Amino acid sequence: MRISRSSSGLSERTRSALILLLFTSLLAASGWLWRWDLLLYDLQMGIMARPPAEDIVIVAVDEKSLKALGRWPWSRQVHAKLVNRLTQAGAKAIVFDILFAEPDRIDPEADIQLIQSIAASERVFMPVILEQHRQGGMLVESMPLPALSNVAAGLGHVHMDLDADGIARGVFLYEGLGQAYWPHLMLTLLDWLQPGESVLQSSPVSEQTPNLYLISRHNHRLIPFSGPAGHYHRYSYSEVLEGDFLPDLFRDRIVLVGVTATGIGDALPTPVSGHGVPMPGVEINANILDSLRRGETITPIGYLPHLLASALIVVLPFVLYPYFPTRTAPLVSLALVAGFLFLNWILLRGAEIWFPPSAGLLGLMLSYPLWSWRRLDLAVRYLNEQLENMQLEQRLQPEQQPPDDMTSAMVFLSRLLPLQGWALYEAGSGKRLLHDGDALGAPLESLSRGIWRRSGAEIWTLIRRSETDWQLGLAWPRNAVPQGRSLQVVTDLALQFSFESQEKEGGVLERVELRVQQMRQANTRLQRFRNLIDNAVGQMDDGLMVINCLGQVVISNPRASFYLGHGSDRELVDEDAYRLLKVLEISGGEPWHEVFKRVMLHGEPIRFEAFRAPDTELFVQLKSLDGLDAGMHGMIVNLSYIGTIKRSERTRTKMLNFLSHDIRSPITSLLSLTQSRQMREGSAKELAEQIEPLARRSLKLAENFLRLARAEAAEAASFTDTDFITVAHNAMDDIYVQAKSRQIKLLRCFEEDEIWLQGDLGLLERALFNLLDNAIKFSPEQSQVSMTLRLQGSKLVCEIADQGPGIPQHQLNSIFLPFTQADSMYASQGKGVGLGLSFVKVVAEKHHGSVVAKNAQGGGAVFTLCLPCEEKAPA
């Protein structure tokens, strides 16, 4: 079922889009789906792995080092020795992820050695840590020893921001107490490594007095981790300290020193932590350094852009759904979800922008169910409206015929068929409601609607009603029980009283199914009515066309296409009516555009005769359509075939001319001779010689009339087995004297000895005689006339050819009409009245055959007679 996009449908779509827009905006603004956003972010991070930077290495305080150097913490002499070792190895920078905030009270000389080593190296970076004070619980900044801070190449915070689920995904580039004046340690390192590029930004200064007990931070960035823990190259602290490495291993490398041993260092879960393995802080700093140096840190989208984009994304399905078939809407929804995820990936991977997708994704996933629900509700309301409108319209079949109408229906049925009696019972109770005629037995069991069950000369069926069903029985003579078409008429009569009860409405789905079923029944009734109209119009002998205001044919029937020279009425639909009707030549010469103007503009009904070559004569009627009632302006064209009537008129005119001239002329001549003989004396012999040809001609005319009348009255029931070869020989023998008098040779070319058919020997013989007589009459002397007989399938073909001048081309189709003669230079030698060939055509049609005439290539005319024959000779 397809619902048109009306104004109500558009507002419904807008309403659905607004509902989902508000819902998605609420989800995006509230952040209720933050867990799903973070999960989707982690999934994308898991597939964004890249090779580690080769110039970033980690010197790890691992279990091996603890085993070799003892319990942690170690003496700062050990760290001083490591700094010296790395400096001598050519390290580009040394970054400690270890805080030296308190002096070594046991070995003060160790602090001095570490300070000297760092000062000598000039490439060591130290961290600043914001932590709670052990006694007061307030936030404090834990910095390296002042002496270490003074000799370090740079300081920076190493605080990692944890999300609500406890996973480290991002970092604030600037952070501090009161004001964010500490850059991240990796940012300080990059500024030292790339002094000309100025990666550090000035910290925003607040006009208000800063609160020194609160952390201030800005420039939050998400870190695209290169891989899981252990992704970067690690070397054991103890091995490096002992010099157990290749000479150039640390040359021009950035070395990060930190704790990786379990239980003594900071290790945090990250999006790429596989199997619950946290990532040491030193490796997190390696990822931060790598991403900052590549310029690939990810910026979360702002609050307002995220809110607007999430809301607008869910409107897109409601824009696209109406342009796709309903069955493909789920695929469109899936395509939108996949496209949205792909766009989110492109933003994250290419534009380095993180757009939390959960709100928009949920909105897209809910768009199809919401759209389907609103469409379903709209469809139900539409069905209800249409059903109510259909109930108000006049139905082809009444909903329930009252029982009293059964009596009138049976009276009408008895006029068509030999109905002897009938009875109507109430099903279940067995109560007889109506009856008439011969008594019927009890109703049969297990009756069905539209199906008749027979018991002797009785037939029974079930008629469905809204309250209680009926059982109808009909009695017939034993040899006249209806069958075939008669039974269909009886069945249709019973169905007129049948009524399917409506099912009770249940839930929403049951109501929808019920409405769909009701709509199908209504459409079925309308289709039956349409089929009835189409069948009635199609069976009309008159051609019918309905033309709209654009001059296009919107309705036509097969007879109209036949009259206009087309094979099917479908060829006329949507065609230009003016072009179709121009093939008809209007009697009187009025142009078609004037006819269209008078009908369409002035509403004049017009009638005239028209002709379509070669021989179609029509009576055309045109009337305008009422635009208010018909729903459009246009006109109706009715084409009535009048060729038979016109031919009858022409035949009658020829008959009158024939009677007034050909028959009246000999009689008038006889009277004139008689009167002249009375006035003067003369011999009787001379009078007889003058009267004889006139009398013979009158007799011949009368005989021709009688033969034609006899041929037209012939019936196939009187035909007998006839050998056409014998008929042909007899005809040739009868015409022999006439041919010899003109020295014309008769040729017989018979391919068969016997050809049998059902026919009238006398009529067939006379038909062949007329064809031979016609050939001799129009042939020159000392020529020849041939008759050829052969079999062609189940038909015999008889061809009679002469060597005369032939038949004019314009007379080939009319030569067999009564009182029609061909124009010929030899016609005066044997002038007739035009009934001989007409007789041949009538005889051929009575024998279910045909006769045609044509001109031979070498000259002369050829008449071909085709008749059906029997395959075997009769016993």
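Structure shown above.
All figures in this text were calculated on a predicted structure; none of them were measured in a lab. (Residues numbered from 1 in each chain as written. Predicted model: local features only at pLDDT ≥ 70, side-chain atom pairs only at ≥ 80, totals over all residues. Heavy atoms only, no water.)

*Asks:* I'd like to hear about unusual backbone geometry, residue by residue, with values.
*Replies:* Look at the link from tryptophan 72 to proline 73: it is a cis peptide, with omega at 5°. On the secondary structure map, proline 73 appears in the loop between helix 3 (63-69) and helix 4 (76-88). One non-glycine residue, serine 446, adopts positive backbone phi at about 55°. Looking at the secondary structure, you find serine 446 in the loop between strand 17 (432-437) and strand 18 (453-455). Of note in the backbone geometry, glutamine 743 takes a positive phi value of approximately 55° without being a glycine. Structurally, the position occupied by glutamine 743 is in the loop between helix 23 (724-741) and strand 28 (745-750). (Helix = DSSP H or I, 4+ residues; strand = E, 2+ residues; numbered from the N terminus.)

*Asks:* Can you break down the pairing of strand 33 (residues 861-868) residue by residue, with the values?
*Replies:* One face of the sheet, then the other: side chains in a regular strand alternate in exactly this way. Of all 8 residues in strand 33, 6 are buried, a share of seventy percent or more. Relative to strand 33, strand 31 (residues 795-801) is paired through 7 bridges, and the arrangement is antiparallel. Of the residues in strand 33, the one forming a bridge with cysteine 798 is leucine 865. Hairpin geometry of strand 32 (residues 850-855) and strand 33 is characterised by an intervening segment of 5 residues between the two adjacent antiparallel strands and by a positive phi of about 110° at glycine 859. (Buried < 20%, exposed > 50% of the residue type's maximum accessible area, 1.4 Å probe, protein only. Pairing = 2+ DSSP bridges.)

*Asks:* I'd like to hear about the environment of alanine 338, residue by residue, with values.
*Replies:* When you line up the elements, alanine 338 lands in helix 12 (residues 329-351). By relative accessible area, alanine 338 is classed as partly exposed at 44%. For alanine 338 and leucine 361, which are 23 residues apart along the polypeptide, the C-alpha to C-alpha distance reads 9.5 Å.

*Asks:* Quick one: what's the story with the packing of helix 4 against helix 5 (residues 108-121), residue by residue and with numbers?
*Replies:* In the contact formed by helix 4 and helix 5, the axes pass within 8 Å of each other and the chain directions differ by 15°. In terms of orientation, helix 4 and helix 5 fall into the roughly parallel class. Like other packed secondary-structure pairs, helix 4 and helix 5 cross with a definite hand, here left-handed. Within the contact between the two elements, helix 4 uses Arg76, Gln77, His79, Ala80, Val83, Asn84 and Thr87 and helix 5 uses Ala110, Asp111, Gln113, Leu114, Ser117, Ile118 and Ser121. Here the residues of the contact of helix 4 with helix 5 sort into 5 nonpolar, 7 polar and 2 charged. (Axes fitted to C-alpha atoms, helices over the stretch in contact; angles between N-to-C directions. Parallel < 35°, antiparallel > 145°, perpendicular 65-115°, else oblique. Left-handed = near helix turned anticlockwise from the far one by under 90°. Contact = heavy atoms within 4.5 Å. Nonpolar A, V, L, I, M, F, W, Y, C, P; charged D, E, K, R; others polar.)

*Asks:* Talk me through a nonpolar patch on the surface; I want residue IDs and the actual numbers.
*Replies:* A cluster of nonpolar side chains, Leu316, Val319, Tyr323 and Phe324, forms an exposed patch at the surface whose accessible area comes to about 400 Å². Looking at where leucine 316 falls in the secondary structure, it is placed in helix 11 (residues 316-320). (Patch = residues over 30% accessible without salt bridge, like charges linked within 9 Å, V, L, I, M, F, W, Y side chains within 5 Å. Areas by Shrake-Rupley, 256 points an atom, 1.4 Å probe, with all protein chains shown as cover. Salt bridge = Lys/Arg side-chain N within 4 Å of Asp/Glu carboxyl O.)

*Asks:* Let's hear about the packing of helix 24 (residues 761-777) against helix 25 (residues 836-846): which residues, and what values?
*Replies:* Running from N to C, helix 24 and helix 25 point in directions that differ by 140°, and their axes come no closer than 9 Å. The interaxial crossing formed by helix 24 with helix 25 has left-handed handedness. For the pair formed by helix 24 and helix 25, the contact residues are Leu763, Leu764, Arg766, Ala767, Asn770, Leu771 and Asn774 on the first element and Gly836, Leu837, Phe839, Val840 and Val843 on the second. Taken together, the residues that form the contact of helix 24 with helix 25 break down as 8 nonpolar, 3 polar and 1 charged.

*Asks:* Just give me the short version of the side chain of aspartate 104, but keep the residues and values in it.
*Replies:* Within the fold, aspartate 104 resides in the loop between strand 2 (93-96) and helix 5. Despite its burial, aspartate 104 pairs with no opposite charge; the closest candidate is arginine 76, at 5.2 Å N-O. From its side chain, aspartate 104 meets the backbone nitrogen of isoleucine 106 in a polar contact 3.1 Å long. At a separation of 3.2 Å, a polar atom in the side chain of aspartate 104 contacts the main-chain amide nitrogen of aspartate 107. In this view, aspartate 104 contacts Arg76, Ala110 and Asp111; residues no more than four positions away in its chain are not counted. (Lys, Arg positive; Asp, Glu negative; His and termini not counted. Polar contact = N/O pair within 3.5 Å; in protein donor to acceptor, adjacent residues only side chain to side chain.)

*Asks:* Any chance you could break down the nonpolar core for me, citing the residues and the numbers?
*Replies:* Ranked by size, the top nonpolar core spans 46 residues in total, and within it Phe724, Leu768, Leu796, Cys798 and Ile800 carry the most contacts. Going through the elements one at a time, helix 23, helix 24, strand 30 (784-792), strand 31, helix 25, strand 32 and strand 33 are the ones with two or more residues in this core. For this core, the leading source of residues is helix 24, giving 9 residues. Grouped together as the second largest cluster of nonpolar side chains are 39 residues, Tyr41, Leu173, Met186 and Leu190 included. (Core = buried A, V, L, I, M, F, W, Y, C linked by side-chain atoms within 4.5 Å.)

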